[in-house]
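Chain residues, written in single-letter form:
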Amino acid sequence: GLDRPQAAKRRRPSLGDDSSGEYEVEAIVADALVGGVHFFEVKWKGYSLSDTTWTTKENMKNCMGILKEYMQQRKENTADLSEFYLLLQEAKASIITVTNTVDAVGCPENFTYINESIYSEQIPRPCTPLFTCKCADQCRGDCGCVRERYYDSNGLVRVDPSVPLMECGPWCACGDECVTRVVQKGSDVRFGIFRTRDKGWGVMARQMIRKGAFVAEYVGEVITFDEAERRGILDAELGVTYIFDLDKSFPSGEVADFSIDAKTHGNVSHFFNHSCDPNMEIRQVFVEHRDPRLHRLAFFAVRDIEPNDELTFDYNPTKSSRVDSSTECHCGALNCRGYI
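Scanning the protein for helices and strands turns up three helices and 19 strands. Of all 340 residues assigned to the protein, the portion counted as buried reaches 48%. Expressed as a percentage of contacts within the protein between residues at least 6 apart in sequence, the contacts between residues at least 24 apart total 65%. For the protein, the exposed surface amounts to about 17700 Å²; the carbon and sulfur share of it is 47%.

Below you can see the structure in the form of structure tokens.
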């Protein structure tokens, strides 16, 4: 490989950080356009990839050798992604990188980035009473607002996938650091959206994700069964759908009252691809209420996920996802079914 230029010492900043101290820049691992400003993600010598920070070119004047090497080795994007980055500015999360070295496709058309699901006028607002707790700081084993310990002290899910995850709600007395509050706090995973050769857009993990960790919530438009049926017919003609029925609390075979459609409104999970050997699974979560018809959907890692691994889930493990089973699969897994 190429000899690495002499690493330059710079202050190890994070965006908005003005602390002092000298740290040694080891490498640049990514770049992104945010508000028209070119940011670079820096890995610091002696620190893991989990401790990278973002900085501008102006803050890297003593690191021009490393910057030049990165730009020489970096594959050039084959599409204009500036509009894509403008879209992602709405994300309430770490900076999401976007790369396309495959074709000329840029920002998705008719797509709005949202951080929380939006409800159509036909959707009733949940009114199922919550059990509220008076726990100080942390919920205890006898806390009345949760049935069991769903997460361990590191926020890793510890119960069977069939068990609904009941998190403390906004009226509970426990603090933000309560171990039951995981999905509601949002994801802190660093994502990279990238263009694939035969699956459209995909998402990779830009950090290590431990088995059982919360990855992202599936958000979109919450719609009625009738509207989901109408949209499903149109989606079938296009051969793609983003509709998930909210039926995880119902016995098998029962029809869901409501669905989430992330086709035109969604977050990073809109870009998750299918795999017959997925590294994520989707679970039902309750926070503000306990109405079984309107649970949230959240992705959790089913095994350790390495940096740069694509994030995937099985589009059709049951009948909850409205995907035509004749759709050809390109996941590449050893146990690939050949169709989704």
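Read across the open sheet, the four strands follow the order β7-β12-β14-β13; overall the sheet is mixed. Taken across any chain shown, the strands that pair with only one partner, and hence form the sheet edges, are β7 (118-119) and β13 (243-245). Examined bridge by bridge, strand β12 (residues 221-224) and strand β14 (residues 258-261) share four bridges and lie antiparallel to one another. If you follow I223 over to β14, its bridge partner there is S259. Here helix α3 (residues 225-238) sits on the sheet in contact with β12, β13 and β14, set at roughly 105° to β12.

This part takes up helix α1 (residues 64-73). Residues of α1 that are buried include every one of I66, L67, E69 and Y70, and no others. Along the axis of α1, the buried positions cluster into a sector of 165°, meaning they face one direction only. Facing away from the buried side of α1 by more than 90 degrees, the exposed set consists of K68 and Q72. If you follow the buried residues of α1, they end up packed against β2 (23-34) and β3 (37-44).

Of all hydrophobic cores here, the largest spans 53 residues; its most connected members are F191, I193, V215, F272 and L311. Contributions of two or more residues to this core are made by β2, α2 (82-88), β9 (191-195), β10 (201-205), β11 (214-217), β14, β17 (280-286) and β18 (296-301). Looking at which element gives the most residues to this core, the answer is α2, with four residues. Ignoring anything within four residues of it in the chain, the contact list for I193 reads F84, L88, I96, T97, V98, T99, W201, G202, V203, V268 and F271. Among the nonpolar cores identified, the runner-up in size contains 15 residues, and V159, M166, V183 and V285 belong to it.

This paragraph deals with the packing of aromatic side chains. A full pass over the atoms with the stated rule returns 13 aromatic pairs. With a centroid separation of 5.1 Å and an interplanar angle of 85°, the aromatic rings of F272 and F299 are classed as edge-to-face. One end of the pair, F272, is in the loop between β15 (265-266) and β16 (273-274); the other, F299, is in strand β18, and 27 residues separate them in sequence. Considered together, F272 and F299 belong to a single accessibility category, that of buried residues. Where F313 meets Y315, the ring centres are 5.0 Å apart and the plane angle is 45°; that geometry is what we call tilted. The two residues F313 and Y315 agree in class, both being buried.

Take the sheet that holds β18 next. With mixed pairing, the four strands of this open sheet are ordered in space as β8-β17-β18-β11. Looking at which strands have only one partner, the edges of the open sheet turn out to be β8 (165-166) and β11. Direction of pairing for β8 relative to β17: parallel, over a ladder of two bridges. In the sheet register, L165 faces β17, and the bridge partner there is V285.

What follows is about the side chain of E41. Along the polypeptide, E41 turns up in strand β3. Other than its neighbours up to four places away in sequence, E41 contacts A27, I28, V29, A30, T52, T53, W54, R190 and R206.

With that settled, consider the state of the cysteines. Here the structure, examined in full by the defined rule, presents zero disulfides. Counting only cysteine sulfurs, C133 is the nearest neighbor of C172, a cysteine outside any disulfide, at a range of 4.0 Å.

Here the protein shows a mean pLDDT of 84. Residues at 70 or above account for 86%. At the level of individual helices and strands, the protein shows its lowest average pLDDT in strand β1 (residues 9-10), which scores 42, and its highest in β11, which scores 98. Confidence drops under a pLDDT of 50 for residues 1-20, and excluding neighbours within four residues, the segment shows 54 contacts in the predicted structure.

Compared with an ideal rise of 1.5 Å per residue, which puts 14 residues at 20 Å, α3 spans 20 Å between its outermost C-alpha atoms and is within 8% of the ideal. Taken together, the buried positions of α3 are occupied by A228, R231, G232 and D235. Taken together, the buried residues of α3 touch β12, β13 and β14. Phi turns positive, to about 80°, at G239, one or two residues after α3.

Conventions adopted
Residues numbered from 1 in each chain as written. Predicted model: local features only at pLDDT ≥ 70, side-chain atom pairs only at ≥ 80, totals over all residues. Heavy atoms only, no water. Helix = DSSP H or I, 4+ residues; strand = E, 2+ residues; numbered from the N terminus. Buried < 20%, exposed > 50% of the residue type's maximum accessible area, 1.4 Å probe, protein only. Contact = heavy atoms within 4.5 Å. Areas by Shrake-Rupley, 256 points an atom, 1.4 Å probe, with all protein chains shown as cover. Pairing = 2+ DSSP bridges. Axes fitted to C-alpha atoms, helices over the stretch in contact; angles between N-to-C directions. Arc of directions from axis to C-beta. Core = buried A, V, L, I, M, F, W, Y, C linked by side-chain atoms within 4.5 Å. Phe/Tyr/Trp six-rings, centres within 6.5 Å; stacked < 30°, edge-to-face > 60°. Disulfide = S-S within 2.5 Å. pLDDT = per-residue confidence, 0-100. Expected span 1.5 Å × (residues − 1).

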